[in-house]
Amino acid sequence: MNKPFQVKIGINPISWCNDDLPSLGGEVTLDTILREGARIGYQGFELGNKFPRDPQTLAAVLQPYGVECVSGWHSGYLAESSVEEEIRRVEPHLQLLVQNGCKVMVYGEVASAIQGQPQPLYKRPRFTSQQQWLAYGARLNEFARHLQSRGITLAYHHHMGAYVETAQDIDQLMAVTGPEVGLLFDTGHITFAGGDALAVLNKHIARVVHVHCKDVRPQVVKQAWNGNWSFLQAVINGAFTVPGDGCIDFAAILHTLAQHDYQGWLVVEAEQDPVVAPSYEYADKGYRTLSALVAAINQQERNVA
């Protein structure tokens, strides 16, 4: 580490309301989300279903709270569709991100994914041959180059219930794609998938362009696998939580990012039932955990210098 750990801490509105399960926090207003997040200290928000999709309207909504647009999820179908189709589909979303100063786009592969379906996680889709992986990688590379031409880096979100879920899947993805395809490293999803978060981060740190910070409750994850729960069952039952409330060593994660001069966003993203896990309380805990760790890293660096 040869310079300060200059990261920004943002949050996904999923702490207040859930896109996959609209009944969770459905009554919470966008004003409440932005006001509470800004009060806690978050510098930016990823997009959710309550945010306007017109670039100028979005900027006008965020401005009074002094928060930035961090990025936004794009539901991609490149596992099954052509690059040309995907480029057409992404254009409105891409314009929204570009015009609001974003640097990365969260790409989530939803083709055949079961993350929103009442099916056990073992039924997720899988590539069954190297040829399939190579063809998928080629499409991702081409799509990522299109985003690059507009000043946006593709941040690939490995996700439960999708083609790229496990540490081995991430290895394959990184092997069949070039550096134009960045990795969104999600601490919670890789831990839920049975991976060692720190080991995966160390292995692929050069490709990491965006970070989602979610913690996990290991006893709930164990029940999810043993009970053949769906992804949404696991969410409702509390598999995920905010940094500092589960089993993940965020001090080690952030130290590794700092050592490799990561300069992007740390985004708290912990889908929970806000009735069980009150939104403000948990969002505040996540922010305090990460901000204290960032401050400690920078203080340690100053002491060494």
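Keep in mind that this is a model prediction, so the values were computed, not measured. Within each chain, residues carry numbers counting from 1 in the order of the written sequence. It should be noted that, the model being predicted, local features are given only for residues of pLDDT at least 70 and side-chain atom pairs only at 80 or more, the latter also being counted only at that level, while totals for whole chains, interfaces and linings use all residues. By convention in this description, side-chain values take in all heavy atoms of the structure and omit both hydrogens and water.

Trainee: Looking at this structure, I do not really get the state of the cysteines. What am I missing?
Mentor: Should the sulfur atoms of two cysteines be covalently bonded, the bond is a disulfide. Disulfides are defined in this document as cysteine sulfur pairs within 2.5 Å. Considering all chains together, one arrives at zero disulfides under this definition. Lacking any disulfide linkage, Cys 102 is separated from the closest cysteine sulfur, that of Cys 69, by 3.5 Å. Judged by relative accessible area, Cys 102 falls into the buried class, the value being 4%. Unpaired in terms of disulfides, Cys 213 finds its nearest cysteine sulfur in Cys 247, a separation of 14 Å. The classification of residues rests on relative accessible area computed with a 1.4 Å probe and restricted to protein chains. Under 20% of the type maximum is buried, over 50% is exposed, and intermediate values are partly exposed.

Trainee: Help me understand the packing of helix α2 (residues 55-62) against helix α3 (residues 83-99), please; the structure alone is not making it clear to me.
Mentor: A packed helix pair is summarised by two numbers, namely the angle formed by the two axes and the spacing between the axes. Helix axes are fitted only over the stretch in contact, all axes being lines through C-alpha atoms; the angle between N-to-C directions runs from 0 to 180 degrees. The helix and strand labels rest on DSSP assignments: H or I over at least four residues marks a helix, E over at least two residues marks a strand, and numbering proceeds from the N terminus. Viewed as axis vectors pointing N to C, α2 and α3 meet at an angle of 40°, and their least axial separation amounts to 9 Å. Considered as vectors, α2 and α3 are oriented oblique to each other. Seen along the crossing, α2 lies across α3 with a hand that is right-handed. When α2 is examined against α3, the residues Pro 55, Gln 56 and Leu 58 are found in contact with a partner set consisting of Gln 95, Leu 96 and Gln 99. Here the residues of the contact of α2 with α3 sort into three nonpolar, three polar and no charged. Note on terminology: angles under 35 degrees are roughly parallel, angles over 145 are roughly antiparallel, angles of 65 to 115 are roughly perpendicular, and the others are oblique. The sense of a crossing depends on the near helix, which, turned anticlockwise from the far helix by less than a right angle, makes the crossing left-handed and, turned clockwise, makes it right-handed. Contact between two residues is taken to exist if any of their heavy atoms lie within 4.5 Å; hydrogens are not considered. When residues are grouped by polarity, Ala, Val, Leu, Ile, Met, Phe, Trp, Tyr, Cys and Pro land in nonpolar, Asp, Glu, Lys and Arg in charged, and all others, Gly among them, in polar.

Trainee: What is the right way to read the pattern of salt bridges from this model?
Mentor: Any Lys or Arg side-chain nitrogen located within 4 Å of an Asp or Glu carboxyl oxygen qualifies as a salt bridge. Counted by the stated rule, this structure contains 13 salt bridges. Close ionic contact of Asp 31 with Arg 35 constitutes a salt bridge, the shortest N to O distance being 3.5 Å. Residue Asp 31 and its partner Arg 35 are both found in helix α1 (residues 30-40); the two are separated by four residues, about one turn of the helix. The residue Lys 214 makes a salt bridge to Glu 269 at a minimum N-O spacing of 2.6 Å. On the criterion of sequence distance, the pair formed by Lys 214 in the loop between β8 (208-213) and β9 (215-216) and Glu 269 in the loop between β11 (265-268) and α11 (279-304) is long-range, its members being 55 residues apart. Note on Lys 214: relative accessible area 0%, which makes it buried.

Trainee: Would you mind showing me how to read the environment of Asn 12 here?
Mentor: With respect to the element layout, Asn 12 can be found in the loop between β1 (8-11) and α1. Taking the relative accessible area as the measure of exposure, Asn 12 reaches 10% and is therefore buried. Taking the C-alpha atoms as reference points, Asn 12 and Gln 43, separated by 31 residues in sequence, lie 11 Å from one another. Apart from the residues lying within four places of it in its own chain, the contact partners of Asn 12 are Glu 46, Leu 47, Val 267, Val 268 and Glu 269.

Trainee: Help me understand the side chain of Asp 186, please; the structure alone is not making it clear to me.
Mentor: As for its position among the elements, Asp 186 is in strand β7 (residues 181-186). In protein, a polar contact means a hydrogen-donor-capable atom and an acceptor-capable atom, both N or O and within 3.5 Å, with residues adjacent in sequence counting only if both atoms are side-chain atoms; elsewhere, any N or O pair within 3.5 Å suffices. Within polar-contact distance, the side chain of Asp 186 engages the backbone nitrogen of His 189 at 2.8 Å. A polar contact of 3.4 Å, which involves the side chain of Asp 186, links it to the side chain of His 212. Those residues in contact with Asp 186 that sit more than four places away from it in its chain are His 157, His 158, His 212, Lys 214 and Glu 269.

Trainee: Explain the sheet that holds strand β3 (residues 68-69) here, please?
Mentor: What links the strands of a sheet is backbone hydrogen bonding, and the strands pair in either a parallel or an antiparallel sense. Strands were regarded as paired on the criterion that DSSP finds at least two bridges between them. Spatial strand order, β3-β2-β1-β11-β8-β7-β6-β5-β4: nine strands in an open sheet with parallel pairing. Each of the sheet's edge strands pairs with one partner strand only, and the pair in question is β3 and β4 (73-76). Bridge count between strand β5 (residues 104-109) and strand β6 (residues 153-157): four bridges; the pairing is parallel. Each bridged residue has a counterpart across the sheet, and for Val 104 the counterpart in β6 is Thr 153.

Trainee: In this structure, what is going on with the packing of aromatic side chains? I would like to understand it.
Mentor: For any two aromatic rings, the description comes down to two numbers: the centre-to-centre distance and the angle of the planes. Within 6.5 Å between ring centres, the rings of Phe, Tyr and Trp (the latter by its six-membered ring) count as paired, and their orientation is classed by plane angle as stacked under 30 degrees, edge-to-face over 60, tilted in between. Applying the stated criterion across every chain yields a total of 12 aromatic pairs. Between Tyr 42 and Tyr 287, the ring centres sit 5.1 Å apart and the planes meet at 70°, which makes this aromatic pair edge-to-face. Pair noted here: Tyr 42 is in the loop between α1 and β2 (44-45) and Tyr 287 is in helix α11, with a separation of 245 residues, a long-range link. Accessibility classification places Tyr 42 together with Tyr 287 in one group, the buried group.

Trainee: Help me understand the side chain of Glu 269, please; the structure alone is not making it clear to me.
Mentor: Note on Glu 269: relative accessible area 8%, which makes it buried. Leave out the neighbours within four places in its chain, and Glu 269 touches Asn 12, Ile 14, His 157, Asp 186, His 212, Cys 213 and Lys 214.

Trainee: Quick question: what am I supposed to make of α2 here?
Mentor: Within α2 the residues assigned to the buried category are Pro 55, Leu 58 and Leu 62. The arc that holds every buried residue of α2, seen down its axis, measures 65°, which confines them to one face. Summarising the geometry of α2, the exposed residues directed more than 90 degrees from the buried face are Gln 56 and Ala 60. For α2, the secondary structure elements touched by its buried residues are α1, β3 and α3. At the N-terminal boundary of α2, the capping side chain belongs to Asp 54, with an oxygen 3.3 Å from the backbone nitrogen of Gln 56. Think of the arc as the fan of directions from the helix axis to the C-beta atoms.

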